[in-house]
Amino acid sequence: VQPYVTYGYPSLKTVKELVYKRGFAKVNKQRIPISDNSIISTKLGEKGLYGMEDLIHEIYTVGPHFKQASNFLWPFKLSAPRGGFKCKRHGYCEMKGGDWGNREEGINELIGRMN
């Protein structure tokens, strides 16, 4: 997976922006926009997650009900980054400076351009 994926450690601000802007719920195998907290509380209420902030906190801290919370969210559909990629052939930590690999905190800047 290493030469095909870029990854890192997103900040709480980045996770919050992603869930609020691109967050959709998976309800009965359908993609439903999260318009209010009742959608979250009906599906995840028994797990102690009653609203958007509870869901974001569970995702960010990888809490005890992380699997159910991440499965509740539909995968994010991000656009191509503004300004494009540098070089898709090389890794982020290589001397030539590519795009795949572990970005650590640099993932926040990339997600900001893609969101």
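As a reminder, the structure under discussion sits directly above these lines.
Just so it is clear, the structure is predicted and the values come from calculations on it, not from any experiment. (Residues numbered from 1 in each chain as written. Predicted model: local features only at pLDDT ≥ 70, side-chain atom pairs only at ≥ 80, totals over all residues. Heavy atoms only, no water.)

Student: Before we move on, could you go through helix α5 (residues 107-114) and cite the residues and values that matter?
Tutor: Those residues of α5 that sit buried are I107, L110, I111 and M114. Taken end-on, α5 shows its buried residues confined to a sector of 95°, consistent with a single buried face. Of the surrounding secondary structure, the elements contacted by the buried residues of α5 are β1 (6-8), α1 (12-22) and β4 (101-104). (Buried < 20%, exposed > 50% of the residue type's maximum accessible area, 1.4 Å probe, protein only. Helix = DSSP H or I, 4+ residues; strand = E, 2+ residues; numbered from the N terminus. Arc of directions from axis to C-beta. Contact = heavy atoms within 4.5 Å.)

Student: Now, about the pattern of salt bridges: what can you tell me, with residues and values included?
Tutor: Per the counting criterion, the structure on display carries three salt bridges. Note that E53 and K16 form a salt bridge whose closest N and O atoms lie 3.8 Å from each other. With a gap of 37 residues between them, E53 in helix α3 (residues 52-61) and K16 in helix α1 connect regions that are remote in the sequence. A relative accessible area of 40% places E53 in the partly exposed class. Residue K16 is classed as partly exposed on the basis of its relative accessible area of 30%. Residue E109 pairs with R113 through a salt bridge whose shortest N-O separation is 3.0 Å. Of this pair, E109 and R113 both sit in helix α5, separated by four residues, roughly a single helical turn. With a relative accessible area of 46%, E109 lands in the partly exposed category. (Salt bridge = Lys/Arg side-chain N within 4 Å of Asp/Glu carboxyl O.)

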